[in-house]
Amino acid sequence: MMGEIVRGVYPQLKKLRDNGYTLKMLVRVFEENGVTITIHALSTYLKNLALPKEQASVKAASKETVESPTVEVRRGQFQMKPDVTL
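The shown structure was predicted, so the numbers you read here are calculated from the model rather than taken from an experiment.

Novice: I'd like a description of the pattern of salt bridges, backed by residues and values.
Specialist: A full pass over the atoms with the stated rule returns one salt bridge. Here D18 makes a salt bridge to K14, at a shortest N to O gap of 3.8 Å. With D18 and K14 both in helix α2 (residues 10-18), this residue pair falls four residues apart, about one helical turn. Note on D18: relative accessible area 55%, which makes it exposed. Overall, K14 belongs to the partly exposed group, its relative accessible area being 40%.

Novice: So what's going on with the nonpolar core? Which residues, and what values?
Specialist: Within the largest apolar cluster, eleven residues are counted, these being V6, Y10, L13, L23, L26, V27, F30, V35, I37, L42 and L46. Contributing elements (two or more residues each) for this core: α2, α3 (23-32) and α4 (39-50). Here the element with the most residues in this core is α3; it accounts for four residues. Setting aside residues no more than four positions away along its own chain, L42 makes contact with V6, L13, L23, L26, V27, F30 and I37.

The rules behind the values
- Residues numbered from 1 in each chain as written.
- Predicted model: local features only at pLDDT ≥ 70, side-chain atom pairs only at ≥ 80, totals over all residues.
- Heavy atoms only, no water.
- Salt bridge = Lys/Arg side-chain N within 4 Å of Asp/Glu carboxyl O.
- Helix = DSSP H or I, 4+ residues; strand = E, 2+ residues; numbered from the N terminus.
- Buried < 20%, exposed > 50% of the residue type's maximum accessible area, 1.4 Å probe, protein only.
- Core = buried A, V, L, I, M, F, W, Y, C linked by side-chain atoms within 4.5 Å.
- Contact = heavy atoms within 4.5 Å.

Right, here's the structure in full:
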């Protein structure tokens, strides 16, 4: 839901950022309109919306499980596989 809100007003947010508004100021604008959002969340939404679609899909694909003969990698985890000869 919050992503939809930020996406809907993204062009206005981009103009405000270009005019010198800080993230803290933008969060305050949201709060004045009855929407609660953190600076971190707003920053993440803005960064993701600014990425070209190709980069966004590559970023999403990079979070999937990666197969390797020696390690098992999952989102934010690193685990050595037991009994693997090097």
